[in-house]
Amino acid sequence: MKTIKKHILMEYLIEIKNYHKNVNIAEYKYWTKIMEIEHLTFSNAPERVGPFSHAVKAGNFLFVTGQMPTQKNGKKKLVVGGIEIQTKQVMENLRDVLKEADSDFDKVIFARVYLLNFQDFEKMNTVYESYFNKNKLPARTCIGVTGLAVGASVEIDLIAAT
């Protein structure tokens, strides 16, 4: 189920339109649409571990909250195993959120990986890369951290197109 909140800066756009009488209507509608913001939560996605949306749509972009290697049936139940198993679960959780938001890994523009132990970098990469088209990998940042929620070793968030 989607919980949607829309915020449109209509008054500002109307003011601009009144000021610039020759504004193209198609362009006006385009800029109106890209300012829509939808906060999305899904019952078919991993249970959230904190007070946040699964994803937020802003215009043609989808910002997916960092996913943890948690089992679907419990927000604090980590999968049992090493970095490969945790990374696989994170990617499956991301796939669930992308699917619920009508997107997929082919539309991912940017990924941010939080890694507890940089010794796991290559193992994490092997699993991570298997979810993407080898010729269309998203831009990415990988950040070493000193701790993650629920004791996880990896967390990944995404920005995708809609």
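So, here's what we can say about the structure. (Residues numbered from 1 in each chain as written. Predicted model: local features only at pLDDT ≥ 70, side-chain atom pairs only at ≥ 80, totals over all residues. Heavy atoms only, no water.)

**Some words on the overall build of the protein**
Phase 1: Broken down by element type, the protein carries four helices and six strands.
Phase 2: Beginning at the N terminus, the succession of helices and strands in the protein can be written as α-α-β-β-β-α-β-α-β-β.
Phase 3: Counting across all 162 residues of the protein, residues that qualify as buried make up 37%.
Phase 4: Counting contacts in the protein only where the partners sit at least 6 residues apart, residues at least 24 apart contribute 70% of the total.
Phase 5: Accessible surface, the protein as shown: approximately 9,500 Å² in total, 54% of it carbon and sulfur. (Helix = DSSP H or I, 4+ residues; strand = E, 2+ residues; numbered from the N terminus. Buried < 20%, exposed > 50% of the residue type's maximum accessible area, 1.4 Å probe, protein only. Contact = heavy atoms within 4.5 Å. Areas by Shrake-Rupley, 256 points an atom, 1.4 Å probe, with all protein chains shown as cover.)

**A few points about the side chain of Asp120**
Phase 1: Examined against the element boundaries, Asp120 turns out to sit in the loop between strand 4 (108-115) and helix 4 (121-129).
Phase 2: Buried charge without a salt bridge: Asp120, with Lys123 as the nearest opposite-charge side chain at an N-O distance of 5.0 Å. (Lys, Arg positive; Asp, Glu negative; His and termini not counted. Salt bridge = Lys/Arg side-chain N within 4 Å of Asp/Glu carboxyl O.)

**Some points on the packing of aromatic side chains**
Phase 1: Overall, the coordinates contain four aromatic pairs when judged by the stated rule.
Phase 2: By the ring-pair criterion, three or more aromatic residues cluster together here, those being Phe105, Tyr128, Tyr131 and Phe132.
Phase 3: Between Arg140 and the ring centre of Tyr128, over which it is positioned, the NZ or CZ distance is 4.7 Å. (Phe/Tyr/Trp six-rings, centres within 6.5 Å; stacked < 30°, edge-to-face > 60°. Lys NZ or Arg CZ within 6 Å of the ring centre and 35° of its normal.)

**Quick word on the nonpolar core**
Phase 1: Of all hydrophobic cores here, the largest spans 27 residues; its most connected members are Phe105, Ile156 and Leu158.
Phase 2: Every element with two or more residues in this core is listed here: strand 3 (61-67), helix 3 (83-100), strand 4, helix 4 and strand 6 (154-161).
Phase 3: Looking at this core, the element that brings in the most residues is helix 3, giving six residues. (Core = buried A, V, L, I, M, F, W, Y, C linked by side-chain atoms within 4.5 Å.)

**With respect to a nonpolar patch on the surface**
Phase 1: Residues Phe61, Phe63 and Ile109 make up a contiguous nonpolar surface patch of about 260 Å² in total accessible area.
Phase 2: Judged by relative accessible area, Phe63 falls into the partly exposed class, the value being 37%. (Patch = residues over 30% accessible without salt bridge, like charges linked within 9 Å, V, L, I, M, F, W, Y side chains within 5 Å.)

**Thoughts on the pattern of salt bridges**
Phase 1: One pass over the full model with this rule turns up two salt bridges.
Phase 2: Asp157 is paired through a salt bridge with Arg112; the nearest N and O atoms lie 3.3 Å apart. Residue Asp157 is found in strand 6, and its partner Arg112 is found in strand 4; the two are separated by 45 residues along the sequence.
Phase 3: What makes Asp157 buried here is its relative accessible area of 10%.

**A short note on unusual backbone geometry**
Phase 1: In this structure, Asp102 takes a positive phi of about 60 degrees despite not being glycine.
Phase 2: By the element assignment, Asp102 lies in the loop between helix 3 and strand 4.
Phase 3: Its identity is not glycine, yet Val150 carries a phi of approximately 50 degrees, on the positive side.
Phase 4: Residue position: Val150 is located in the loop between strand 5 (139-144) and strand 6.

**Some remarks on the side chain of Lys57**
Phase 1: With respect to the secondary-structure elements, Lys57 resides in strand 2 (residues 55-58).
Phase 2: Of the side chains bearing the opposite charge, Asp102 lies closest to the buried Lys57, which forms no salt bridge; the N-O distance is 4.8 Å.
Phase 3: Among residues more than four places away in sequence, those in contact with Lys57 are Glu36, Ile37, Glu38, Leu40, Leu62, Ala101 and Thr162.

**Some remarks on the sheet that holds strand 1 (residues 37-40)**
Phase 1: With mixed pairing, the six strands of this open sheet are ordered in space as 1-2-3-6-4-5. Because the sheet does not close on itself, it has two edges, and the strands there are strand 1 and strand 5. Neighbour-to-neighbour, the strand axes of the sheet open up by a mean angle of 10 degrees, direction not taken into account.
Phase 2: The pairing of strand 4 with strand 6 spans seven bridges and is antiparallel. Bridging from a neighbouring strand, Val113 pairs with Ile156 of strand 6.
Phase 3: Sitting on the sheet, helix 3 touches strand 2, strand 3, strand 4 and strand 6, and the angle it makes with strand 6 is about 30 degrees.
Phase 4: Its contacts with the sheet place helix 4 against strand 4, strand 5 and strand 6, and it is angled at close to 145 degrees to strand 5. (Pairing = 2+ DSSP bridges. Axes fitted to C-alpha atoms, helices over the stretch in contact; angles between N-to-C directions.)

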